[in-house]
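Residue-level structure breakdown
Each chain, letter by letter, is given below.
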Amino acid sequence: MKRLLKVAYMLAKNWVLASILFPICAIAGGQDLQWTTITGLSFTGDGAVIVRPVEDQEPFTVAGERGVLVGQQSGELEAWVLPVKLLSHMTIEARVEGYPVPLKLNDMAREIEVRPDHTAITYSHIALVVRQIMFSPDKAPEGTGPVVLFSIDALHPTELVFRFQGDLRAMWPQLSSGNPSPEWVKTSDGSGYYVLHSDFDSFSGAFTIPGSQPGILAPYQERPQTHPLELILHVDPVRDRGKLFPLLMAIGQDKEHASSAALGGKLAELDAQLPSLYASHAAQYQARENERMDLDSPDPTLNSEFGWAETSIEQLRARTPDGGTAFVAGYYASGDSARPGFGWFFGRDALYTLFALDSYGDFADVRSELAYLALHQRGDGKIMHERSQTAQNTNWAALPYQYAAADATPLFLLAMEDYVRASGDTAFLHEQSETVRKAWEFETTHDANGDGIYDNAQGTGWVESWKGVFPQQEIYLALLDAQASTAMAGLAHELGETDVAKGAQERAGKIRGTIEKEYFRAGDGRYAFSDNRQGDDRTDTIFPAVAWWTDGKGLEHKEAALRGWASHRFDTDWGTRSVAEDDARFDPMSYHEGSVWPLFTGWAAIAEYRGGHPLAGYALTMQNADLTFAQDPGAVTELLSGEFYEPFGRSTSHQLWSSAMVITPIVRGMFGLEVNGLTHTLRVAPQLPASWDRAELRRVHVGASTVDLLFERTSAEWIVRMEQRSGPAVKLDGAGDGQTMRVPTSVVEVELPHGLPLRGARTRGLKVLSETREPRMLKLELEAPAGSAFDLPVHEHSSAAVRVEGAEMPTQKVLHVVFEASGDQYSTRMVTLRW
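Below or above, wherever it landed, is the structure these notes cover.

Looking at the overall build of the chain
The number of helices and strands found in the chain is 16 helices and 46 strands. Scaling as 2.2 N^0.38, a compact globule of 835 residues should have a C-alpha radius of gyration of about 28 Å, and the chain matches this with 29 Å. C-alpha extents for the chain along the principal axes are approximately 85 × 60 × 60 Å. Pairs at least 24 apart in sequence give 66% of the contacts found in the chain among residues at least 6 apart. If you sum the accessible surface of the chain, you get close to 30,400 Å²; carbon and sulfur atoms cover 51% of it. With 74 positive and 110 negative side-chain charges, the chain shows a spacing of 1 Å between the two charge centroids.

With respect to the packing of helix α8 (residues 408–423) against helix α11 (residues 475–494)
One way to put it is that α8 packs onto α11 with a least axis distance of 8 Å and a crossing angle of 40 degrees. Classified by the angle their axes make, α8 and α11 are oblique. The interaxial crossing formed by α8 with α11 has left-handed handedness. On α11, the residues that touch Pro 410, Leu 411, Leu 413, Leu 414, Met 416, Glu 417 and Val 420 of α8 are Tyr 476, Leu 477, Leu 480, Gln 483, Ala 484, Ala 487, Met 488 and Leu 491. Across the contact of α8 with α11, the residue classes tally to 13 nonpolar, one polar and one charged.

Remarks on the environment of Asp 481
Inspection of the secondary structure assignment puts Asp 481 in helix α11. Ignoring anything within four residues of it in the chain, the contact list for Asp 481 reads Glu 443, Gly 452, Ile 453, Tyr 454, Arg 507 and Ile 511.

Overview of the pattern of salt bridges
Here the structure, examined in full by the defined rule, presents 58 salt bridges. Taking the shortest distance from any N to any O, the salt bridge between Glu 58 and Arg 759 comes out at 2.8 Å. On the criterion of sequence distance, the pair formed by Glu 58 in the loop between β2 (50–53) and β3 (59–63) and Arg 759 in the loop between β39 (748–750) and β40 (767–774) is long-range, its members being 701 residues apart. A residue is classified by how much of its surface remains accessible, and Glu 58, at 10% relative accessible area, is buried. Judged by its relative accessible area of 34%, Arg 759 falls in the partly exposed class. Across the pair Arg 526 and Asp 540 runs a salt bridge, and its minimum N-O distance is 2.7 Å. Taken together, the residues span a long stretch of sequence, with Arg 526 in strand β26 (residues 526–527) and Asp 540 in the loop between β28 (535–537) and α13 (559–566) at a distance of 14 residues. Arg 526 sits in the buried class, given a relative accessible area of 6%. Several salt bridges share partner residues, and in doing so they unite Glu 65, Asp 138, Arg 288, Arg 292, Glu 310, Glu 314, Arg 317, Arg 319, Asp 362 and Asp 365 into one network.

Focus: the sheet that holds strand β42 (residues 789–796)
Pairing in this open sheet of four strands is antiparallel, and the strands run β39-β42-β45-β44 from one edge to the other. Bordering the open sheet on either side are β39 and β44 (808–811), each of which pairs with just one other strand. For this sheet the average axis-to-axis angle between neighbouring strands, irrespective of direction, equals 35 degrees. Pairing analysis gives five bridges linking β42 to strand β45 (residues 814–818), with the strands arranged antiparallel. Bridge assignment links Phe 790 to a residue of β45, and that residue is Val 817.

Points about the sheet that holds strand β32 (residues 674–676)
Taken in spatial order, the three strands make up an open sheet running β32-β33-β37, and their pairing is mixed. One side of each edge strand has no neighbouring strand; the edge strands of this open sheet are β32 and β37 (731–732). Relative to β37, strand β33 (residues 681–683) runs parallel, the two sharing two bridges. Residue pairing for β37: Leu 682 is matched across the bridge by Leu 732.

Describing the packing of aromatic side chains
Across all of its chains, the model carries 43 aromatic pairs by this definition. Their ring planes at 75 degrees and their centres at 4.9 Å tell us that Trp 184 and Tyr 194 sit as a pair that is edge-to-face. Here the residue Trp 184 occupies a position in strand β13 (residues 181–186), and Tyr 194 occupies one in strand β14 (residues 192–197), the gap between them amounting to 10 residues. When its relative accessible area of 3% is taken as the criterion, Trp 184 is described as buried. Judged by centre distance (5.5 Å) and plane angle (75 degrees), the ring pair of Tyr 352 and Trp 549 falls under edge-to-face. Taken together, the residues Tyr 352 in helix α6 (residues 347–360) and Trp 549 in the loop between β28 and α13 connect sequence positions 197 residues apart. Among the residues examined, Trp 549 registers a relative accessible area of 4% and is labelled buried. Arg 378 extends its terminal NZ or CZ atom over the ring of Tyr 403, reaching a point 5.1 Å from the ring centre.

Scoring rules and cut-offs
- Sequence order as written defines the numbering, with residues in each chain counted from 1.
- With pLDDT at 70 or above as the cut-off, local features in this predicted model cover only qualifying residues; side-chain atom pairs require 80 or more to be listed or tallied, and sums for whole chains, interfaces and linings still use all residues.
- Side-chain figures throughout are based on the complete set of non-hydrogen atoms in the structure, without hydrogens or water.
- Helix and strand definitions follow DSSP, with helices as H or I runs of at least four residues and strands as E runs of at least two, each counted in order from the N terminus.
- Restricting the calculation to C-alpha atoms gives the radius of gyration, and the globule rule supplies 2.2 Å times the number of residues raised to the power 0.38.
- Note on contacts: a residue pair qualifies if any of its non-hydrogen atoms lie within 4.5 Å across the two residues.
- Working definition of accessibility: Shrake-Rupley area with a 1.4 Å probe, residue cover restricted to the visible protein chains.
- Within this scheme the basic residues Lys and Arg register as positive and the acidic residues Asp and Glu register as negative, but His and the chain ends are omitted.
- Every charge is mapped onto a representative atom, which is NZ of Lys, CZ of Arg, CG of Asp or CD of Glu.
- For every element, the axis is a line fit to its C-alpha atoms; helices are fit only across the contacting stretch, and the angle between N-to-C directions ranges from 0 to 180 degrees.
- For classification purposes, an angle smaller than 35 degrees is called roughly parallel, one larger than 145 roughly antiparallel, one from 65 to 115 roughly perpendicular, and anything else oblique.
- By definition, any crossing whose near helix is turned counterclockwise from its far helix by less than a right angle is left-handed, and any crossing with a clockwise turn is right-handed.
- For this classification, the nonpolar set comprises Ala, Val, Leu, Ile, Met, Phe, Trp, Tyr, Cys and Pro, the charged set comprises Asp, Glu, Lys and Arg, and every other residue, Gly included, is treated as polar.
- Within this document, salt bridges are pairs made up of a side-chain nitrogen of Lys or Arg and a carboxyl oxygen of Asp or Glu, the two lying within 4 Å of each other.
- Buried residues are those whose accessible area, probed at 1.4 Å on protein chains only, stays under 20% of the maximum for their type, while exposed residues exceed 50% and partly exposed ones sit between those limits.
- In this analysis, strands are considered paired if DSSP registers two or more bridges between them.
- Any Phe, Tyr or Trp ring, taking Trp's six-membered ring, that has another such ring centre within 6.5 Å forms a pair; planes under 30 degrees apart are called stacked, those over 60 apart edge-to-face, and the others tilted.
- Lysine and arginine charges are scored as sitting over a ring when NZ or CZ, respectively, is within 6 Å of the ring centre and within 35 degrees of the ring normal.

Pasting the structure below:
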């Protein structure tokens, strides 16, 4: 036996020969493991849920701190016990007694049900129904990860064949030893489990369905050939009714935990804990839902989208080597690679997302993320861009990724200031004061062209590829530098560094002046993309929209930019392009030069709201929100075509900052919320949709306090009431009594339609280019395809008669707008309502 094992080990790099040798190495007598029969496990049946027919080529994700399941809604999946891909290409076949046709259940996937704590796929045939229930518990035993449970309701005795590809591949860029060598280890109950061996006795994995048998185990005498790994499960319809059959997975990454016996014990430990693990897992989600902000508006779909965005973000926390957690950028099936979307730790992705967490009150995860980024700050002060989950096992420092981007450094200062102001946690700021000072020093000492602005001579700004002259200083990075300078002024003030605060604030003003001088184009009122030694790059882009990210002042010459971003030149019916569609550089299939990113849509939505264009802000906000149900149920995808409504084939379907861009425009744009935990004050500037007569934001976190905000519409104002829930008293800024304020609004308002088109469609929707409001007038510049017509609901909050110019009002409740047919693809119409 020892000799045979040695030979097999030497041949482990050859999948075919090794896969022949190891199956015959079952442990004699069988390992004595106890499997638990799972019955009566109750899954969450209330709360948030998405139930819909399966779209077999669309993705799903089940993610947690320790493991991830990603795949297609047909049920084919890959399983990661982070940071290792253990299995992939799972399929299920059923052989029903008396029904002589094998059933490919993946072709019979009918329904997917997604809840925050678990996802279920239902397969159905006239002979049986199988439910595949998946969850990824954060408190799973070390070395284990996600769990798949199967509920089987069959009319006759049935044999289920689960087929897999064994991977045992560490996440990119750690090199694995090639295809693993499988071994079937018998257990005392007559079943067993697979062990996947690498070339090293310190790295292996295991999986099983208790009670199953292995599939083909080719003997030594057979010629070399490859067979899938199979688990064959015999189901008795009477005996097994009500049982749950778990797919259990584990990995070992050192000699102590990588042996067959140790892995078998880990599988049995996970099996025994499943009922309590799920109970605590479900309770954890319920507890977090009861702590974070809740939106209650007249739009139940938007309420749901808001909640799902919070859940989607929370699911993208992963364990770090030191036992903490940090955010990964997102997940998507890796295929035959070891890159599950962007499933490693990203600086700027997380930093943009932290504004959403501050908005809904998850201060603990914000603090954890900032501490993680501080831990990996470079010696000269630069903040990291990306770090793989296997970085500690590779020569990561020799690779060009961790500090490749320039923008993580100013974003760190912005996010730190936002956290301190929202949470009131000055103790953390003092703890990280050296990190802040070093980041500030790095930002203020990297100016290659001497214009006083941080540039990307030492790292990429936004674009990582750009046809022609690569940018040396992008307006995107310049605007972040200006805002980071203002943020540093606030941080320095809290640290008691008066001179630094004053200097940072003065620097912010100088940078804004230089931006207007270097980037503004008086001829068309737009801003250039970059400033280079060879001259400026005048590509018309979305990137100046970041000017409003943390500053309501935005750009000095704003109207042409805001008008352009709201128009069909930039805005599709599913989000905002990076480059205008009439620009010579526009390429709707490119990564940087014309595709649609929900991230950009979020920037533009904030810009439109803060720039005084709430209808355009609403349109963009709803485009992001509606993507929640478009592809990966409950999550928002990474990027889409700039010409057709279709996600990229490699778009990370569960993307961190995409979901964040549902939250931030709603809280900080639509509701205009600004919290200050340092002064225990709260500001609101609501610009709510025309059809709403009420709204409520529950559990608004202001430092250590929580309050509810209630919005009620009267004829010409919003009445905002604040109710204290917990913590020190909070004052509503602008309220005479500190609790109630009145915000004037228009008596007559127009409602915009929203909703995603059919897949593959081009942009055909209505756009609002400009908005002018006076006490008794609303003037809108509208744009739509030439020859089209739209009926827009009109909401009158008084008995005043409405007169209209540029459109018709067949009733006092409907505005009928016709866009004349012409030689142009799009037509504009100026519509004025007076009362």
